[in-house]
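These are the residues of each chain, in order.
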Amino acid sequence: MPEKPVKPLKKTKPAVIAVDDNAVKNKGRSFPVVAIGGSAGAFASFKLFFTHMSAESGMAFVIIIHLDPNHKGHVADLIKTFTVMPVIEAADGMQLEENKVYVIPANKDMGLHNRRLLLLNPTMPNGYRQPIDYFLQSLADDQWNRAVGIIFSGMGSDGETGVRMIKEKLGMVMVQDPQTAQYNSMPLAAISTNLVDYVLSPEEMPVKLIQYMNHPVLAEEASEHVRQAIQNSNAIQKILMLLRSHTGHDFSLYKKSTITRRIDRRIAYHQIADYATYVTFLRENPQETDVLFNELLIGVTKFFRDSAAFDSLKKRLNLLMKDKKSNEPVRIWVAGCSTGEEAYSIAMLLMESLDEIEKNDWPKLQLFATDLDAEAIDHARAGYYYDNIAADVSPERLGKYFIKNEHTYQVRKELREMIVFAQHNLIKDAPFTRLDLLCCRNVMIYLTTELQRKIIPVFHYAINPKGLMFMGPAETIGGFTDMFTSVDPKWKIYERKGSNVSPGKMIDFPFNVARQLPAQAVKADDMDKIIIKRSVADTFNKILLEHHTPAAVLVNDRGDILYSNGKTGRFLELPHGEAIMNIHRMAREELRYVIGNVIHRARGQKEPVVVDDVKLKEERQIRLVSLKASVLEDTGLQGLVLLVFDDKGLLKRKKKARAGGEQKDVAVEELEKELVYTKQQLNSTIEQMETSVEELKSTNEELQSTNEELQSTNEESLTTKEEMQSLNEELMTINMQYQAKTDELTRINNDMKNLLDSTEIGTIFLDNNLDILRYTPQVRKLFNLIPTDIGRPILHVVSNFDNSNIEDDINEVIEKLVVKELEVKTKNDEWYRVRIMPYRTLDNFISGAVITFTLITQYKELEQNLQLLRKYADNFVDILEVPIAVTDQMLKITHANAAFLQLTKLRAEEAIQKPVIGLLNNYFKNEKQIGLFNSIVGTDDQEIVELEFDNGLYRLTVSQLKGPDRSDSKQFVVTLIKSS
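Residues numbered from 1 in each chain as written. Predicted model: local features only at pLDDT ≥ 70, side-chain atom pairs only at ≥ 80, totals over all residues. Heavy atoms only, no water.

## Regarding the pattern of salt bridges
So, point 1. On inspection of all chains with the given rule, the structure shows 32 salt bridges.
So, point 2. Asp 436 is the partner of Lys 324 in a salt bridge, and the nearest nitrogen-oxygen pair spans 3.0 Å. Here the residue Lys 324 occupies a position in the loop between helix H12 (307–323) and strand S11 (329–335), and Asp 436 occupies one in strand S17 (residues 435–439), the gap between them amounting to 112 residues. For the pair Lys 324 and Asp 436, a shared accessibility class is recorded, and that class is buried.
So, point 3. One salt bridge connects Asp 557 with Lys 497, and the closest N-O pair in it is separated by 3.9 Å. Taken as a pair, Asp 557 in the loop between strand S21 (551–555) and strand S22 (561–565) and Lys 497 in the loop between strand S20 (493–496) and helix H18 (524–547) lie far apart in primary sequence, 60 residues in all. (Salt bridge = Lys/Arg side-chain N within 4 Å of Asp/Glu carboxyl O. Helix = DSSP H or I, 4+ residues; strand = E, 2+ residues; numbered from the N terminus. Buried < 20%, exposed > 50% of the residue type's maximum accessible area, 1.4 Å probe, protein only.)

Now the structure itself:
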């Protein structure tokens, strides 16, 4: 009978193991979503889990199970027998509800978005599909800390990547104890990630799941001010202090929210009351500090994560590699590489880029991959990954860059040796420099904004001009647009600008750039002179810049002010609203258009441009200003514009006493100047418009070309659609044929199984490598076999035979195509006849061997009894003084007693298997006696046949032995009796 489900326990005090029955009731849209993955052989695990799970758990359950694409069974109906919760087969767009169970349909992939189940047609062949990984990844992205992943029994490694994604997004993972799983491959693969929270039997999981999800630190109703108080408490600082003292790594600059959530999970895992108690627990259990350290370092990655991003990066790498000269180094740094998948992905892209270059022109590749986690670095250096990477790596790349093992792939040696893996602390260790590519995907999201503002300049310092930085899709460079320009905004690929970084923006390096002389090496008098000299020089430069140089500003291509000198208040003013340091927003109205024009002309002409006598109104007076714009080419300042304001003073008014003609001349002169300036502005505007028109024409031509291509593509798509429809019909026909073949094969397999079982003869089928293909149940008495032994060499399986080694016999049968029969004895004193035959296919190819085991214990016992009786009869005959010989049906002697041998003067070896008539031929009196002897053989006649020996005449009698049923036994007894 199924056991009763375990109900949630009532909660008494915060943080005790019991949980409140009401706490697991409906919590609106924020209920946990539990994804359960397994194979078709995991139904026993599903039964144990759901029979112990409360029907009012407050969670939604989604079952992702490996099913045959043509499976027509009703899995949901079967799950209904295990639980009272509603069990529903998922439909496209279905909204999740708590206290319900959803089952994936056959031949579908399924994802989750906004708590809606989305069904997709499979895009991978059945052997490469990873439906559990696919759903767990979408679950992690959609639900974050409300996601739970459970891995049950199953073959392969599906779910291993999904476990990583769940843990990255602060979810929880349970795995079935491999010792309780029918197939332990999937549980072992998940456990190998070292990210699993609980390893339990299915019936133990429900209680742990309810306790964990309803712990107070994970409760949804915790208010924001309570959460803020937790984050600012001294307990968090104490935990960080213990981590720093135990591991040597400081997490104080990591995001507090991420750290707190990781700590929350450990507190819920141990069912501890609060943070203060957890601090005490950490001090008493140092191993928990290591576990928490690993939790904080969870780095999830996979091969070609966001494949479109790597496609975009590949185009950039191809251009980069072609620009490099022969043996010129290409330096790449993958920061936060975790277990190495991203580093190897970039290495593969580089190798593919080399294939497009002549071998003599190949640059020298230098790849560095670093991470804070030493265990992750060791994993990456070894290069072993489960076979579920086939879902992310193309078959061509798998064959070219990996070596296939039983359930894993290993990166080939030449690719592993390209990369230098090392442990590295991004915060305090010096960066790698002179880089052509810096990959730091999904690293910045764990760091505070303050730390990001310090690290971005370090990255800028480490990358070569025109070098690339590759970030994650959720990361940005913040306000550092003066350091990087975006070349792919969607996939966050940036190019380093040529300008140097202000030293004030650089993070403090752990090393000194220049060696400083020790203080004691400089004399006191010399030090005073140096200080005085520096003080005078600094003061002189300051006075010179402030009072004797014109006002000037340094701007970038967007007009942002990077540096200013002198008194610029007469020309610039703060804009209304948000304070933005941009020359176009801060320039006074009379200067705004002029500044934009002069900067544009300077950039276009690549030489200084001067505009004289620009008028600024100051109350009732007019001030004249000259503007000069110069594009800088100095090292570190390339592309910046220096804008100089030359103040010509106030415009002097003419005295009224002057003649009217003179006033008119002055007015005309001013109007002419304004006209010249207006013409210059108009010419500049016309040039810009002509450039824009040309660009628009070019763009229009490109759009027309693109439109034509799209029309052509549309026509091709229509043709392709018709072809696909035709192909689909053909595939449906072929599918029906295959279905009929499959049904026929199923019937044949059933017939074969029943035939083999009915013979009660143990049979094992082996391939040419002596790996087990199939066996009948009777063989389990002779070999310690379990279902997972299929595919293993038979020599690795322990047998119950007594000192028997049949390896050489099997190899001889396969090589010489002979049939061999053996008789072997088990440790239970049972005898079997072993028959080894070649396994022939219908095409008459040898594809292994077939071994049959027939029980012959009874025959062996009869044989032993017969031998015993024969020995007894022979001994009885030997003690008789009458000469007697026993022959077979050909009258060849099989036994002769001592009297017979003495009379005929023969030894035993001379008489055995010799014709009796040949041995007695010399003793017959005449030919008539010989004929008489031959005539009575096989009859009941007792004619007298006389033989003459040295010691007298003997009468010879021949009698045929009878069986138990009086039948002839084809053996004769020849007796010689001396005549009186």
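Now that the structure has been shown, the text picks up again.
## Examining a nonpolar patch on the surface
So, point 1. On the surface, Met 724, Leu 727, Leu 731, Ile 734 and Tyr 738 cluster together into a nonpolar patch covering about 500 Å² of accessible area.
So, point 2. Inspection of the secondary structure puts Tyr 738 in helix H21 (residues 660–759). (Patch = residues over 30% accessible without salt bridge, like charges linked within 9 Å, V, L, I, M, F, W, Y side chains within 5 Å. Areas by Shrake-Rupley, 256 points an atom, 1.4 Å probe, with all protein chains shown as cover.)

## A look at the sheet that holds strand S3 (residues 87–89)
Two orientations exist for strands paired in a sheet by backbone hydrogen bonds: parallel and antiparallel.
So, point 1. Strands sit in the order S3-S5-S2-S1-S8-S9-S10 across an open sheet of 7 strands; the sheet is parallel. Taken across any chain shown, the strands that pair with only one partner, and hence form the sheet edges, are S3 and strand S10 (198–200). In this sheet, adjacent strand axes meet at a mean angle of 20° when their direction is disregarded.
So, point 2. Pairing of strand S1 (residues 33–38) with strand S8 (residues 147–151), which is carried by 5 bridges, proceeds in the parallel orientation. Bridge pairing in S8 places Gly 37 opposite Ile 151.
So, point 3. With respect to the sheet, helix H1 (residues 43–51) is in contact with S1, strand S2 (60–65), strand S5 (100–103), S8 and strand S9 (172–176), its orientation differing from that of S2 by roughly 170°.
So, point 4. Along the sheet, helix H3 (residues 131–143) contacts S1, S2 and S8; its crossing angle with S1, the most-contacted strand, is approximately 170°. (Pairing = 2+ DSSP bridges. Axes fitted to C-alpha atoms, helices over the stretch in contact; angles between N-to-C directions. Contact = heavy atoms within 4.5 Å.)

## Focus on the packing of aromatic side chains
So, point 1. Going through the model one piece at a time under the given rule, you end up with 22 aromatic pairs.
So, point 2. Relative to Phe 281, the ring of Tyr 278 has its centre 6.4 Å away and its plane inclined at 20°; by these criteria the two rings are stacked. With Tyr 278 and Phe 281 both in helix H10 (residues 275–284) and 3 residues apart, this pair spans about one turn of that helix.
So, point 3. A ring pair is formed by Phe 571 and Phe 645, whose centres lie 4.7 Å apart and whose planes are at 5°; its orientation type is stacked. Of this pair, Phe 571 sits in the loop between S22 and helix H19 (583–586) while Phe 645 sits in strand S25 (residues 641–650), placing them 74 residues apart in sequence.
So, point 4. A connected cluster of aromatic rings, assembled from ring pairs, spans Phe 43, Phe 46, Phe 49, Phe 50, Phe 61 and Phe 152.
So, point 5. The side chain of Arg 266 reaches across the aromatic face of Tyr 269, ending 4.6 Å from its centre. (Phe/Tyr/Trp six-rings, centres within 6.5 Å; stacked < 30°, edge-to-face > 60°. Lys NZ or Arg CZ within 6 Å of the ring centre and 35° of its normal.)

## Overview of helix H6 (residues 205–213)
So, point 1. The buried fraction of H6 amounts to 7 of the 9 residues, a majority that puts the element mostly inside the structure.
So, point 2. The set of residues buried in H6 consists of Met 205, Pro 206, Leu 209, Ile 210, Gln 211, Tyr 212 and Met 213.

## Looking at H12
So, point 1. Taking 1.5 Å of rise per residue, 17 residues should cover 24 Å, and H12 covers 25 Å from first to last C-alpha, within 8% of that figure.
So, point 2. Those residues of H12 lying buried are Ala 309, Phe 310, Ser 312, Leu 313, Leu 317, Asn 318, Leu 320 and Met 321. (Expected span 1.5 Å × (residues − 1).)

## Quick word on the nonpolar core
Proteins that are soluble and globular tend to have nonpolar side chains buried together.
So, point 1. Counting 111 residues, the largest nonpolar core has Phe 46, Phe 50, Phe 61 and Leu 209 as the members making the most contacts within it.
So, point 2. Counting 44 residues, the second largest nonpolar core, distinct from the first, contains Phe 310, Leu 317, Leu 350 and Val 411. (Core = buried A, V, L, I, M, F, W, Y, C linked by side-chain atoms within 4.5 Å.)

## Side note on the pairing of strand S6 (residues 109–113)
So, point 1. Of all the 5 residues making up S6, 4 are buried; the element is thus mostly covered by neighbouring parts of the structure.
So, point 2. Examined bridge by bridge, S6 and strand S7 (residues 116–120) share 5 bridges and lie antiparallel to one another. Residue Gly 111 lies in a different strand from S7, and its bridge partner there is Leu 118.

## What about the sheet that holds strand S23 (residues 609–618)?
So, point 1. Read across the open sheet, the 5 strands follow the order S22-S21-S25-S24-S23; overall the sheet is antiparallel. Strands with a single pairing partner mark the edges of an open sheet, and in this sheet they are S22 and S23. Sheet twist, expressed as the mean angle between neighbouring strand axes with direction ignored, is 20°.
So, point 2. Looking at chain direction, S21 and S25 are connected through 5 bridges and run antiparallel.

## Things to note about the side chain of Lys 860
So, point 1. Mapped onto the elements of the fold, Lys 860 is located in helix H23 (residues 857–878).
So, point 2. Among residues more than four places away in sequence, those in contact with Lys 860 are Glu 823 and Trp 831.

## Some thoughts on a negative patch on the surface
So, point 1. Residues Glu 687, Glu 690, Glu 694 and Glu 695 make up a contiguous surface patch of negative charge.
So, point 2. Following the sequence through the fold, Glu 687 ends up in helix H21. (Lys, Arg positive; Asp, Glu negative; His and termini not counted. Charge placed at Lys NZ, Arg CZ, Asp CG, Glu CD.)

## What about the environment of Arg 601?
So, point 1. By the secondary structure assignment, Arg 601 is in helix H20 (residues 589–605).
So, point 2. Sequence spacing of Arg 601 and Ser 684 is 83 residues, and the spatial spacing of their C-alpha atoms is 7.6 Å.
So, point 3. In contact with Arg 601, other than residues within four places in its own chain, are Val 609, Val 611, Gln 680 and Ser 684.

## What about the packing of H10 against helix H11 (residues 286–296)?
So, point 1. Contact geometry of H10 with H11 gives a least axis separation of 5 Å together with a crossing angle of 110°. Taken together, the axes of H10 and H11 are roughly perpendicular relative to one another. Contact with H10, carried on its side by Tyr 278, Phe 281, Leu 282, Arg 283 and Glu 284, involves Pro 286, Glu 288, Thr 289 and Leu 292 of H11 and no other residues of that element.
So, point 2. For the contact of H10 with H11, the per-class residue count stands at 5 nonpolar, 1 polar and 3 charged. (Parallel < 35°, antiparallel > 145°, perpendicular 65-115°, else oblique. Nonpolar A, V, L, I, M, F, W, Y, C, P; charged D, E, K, R; others polar.)

## Things to note about unusual backbone geometry
So, point 1. Even without being a glycine, Arg 115 presents a positive backbone phi close to 65°.
So, point 2. The topology assignment puts Arg 115 in the loop between S6 and S7.
So, point 3. In this structure, Trp 144 takes a positive phi of about 50° despite not being glycine.
So, point 4. Tracing the backbone through its elements, the reader meets Trp 144 in the loop between H3 and S8.

## So, the environment of Arg 453
So, point 1. Tracing the backbone through its elements, the reader meets Arg 453 in helix H17 (residues 449–462).
So, point 2. Of the residues examined, Arg 453 reaches a relative accessible area of 48% and is grouped as partly exposed.
So, point 3. Each C-alpha atom, one on Arg 453 and one on Gly 478, is 7.8 Å from the other, the two residues being 25 residues apart in sequence.

## With respect to the state of the cysteines
So, point 1. One pass over the structure, following the stated rule, counts 0 disulfides.
So, point 2. A disulfide-free cysteine, Cys 439 has its sulfur positioned 6.8 Å from the sulfur of Cys 440, the nearest such atom.
So, point 3. By relative accessible area, Cys 440 is classed as buried at 0%. (Disulfide = S-S within 2.5 Å.)

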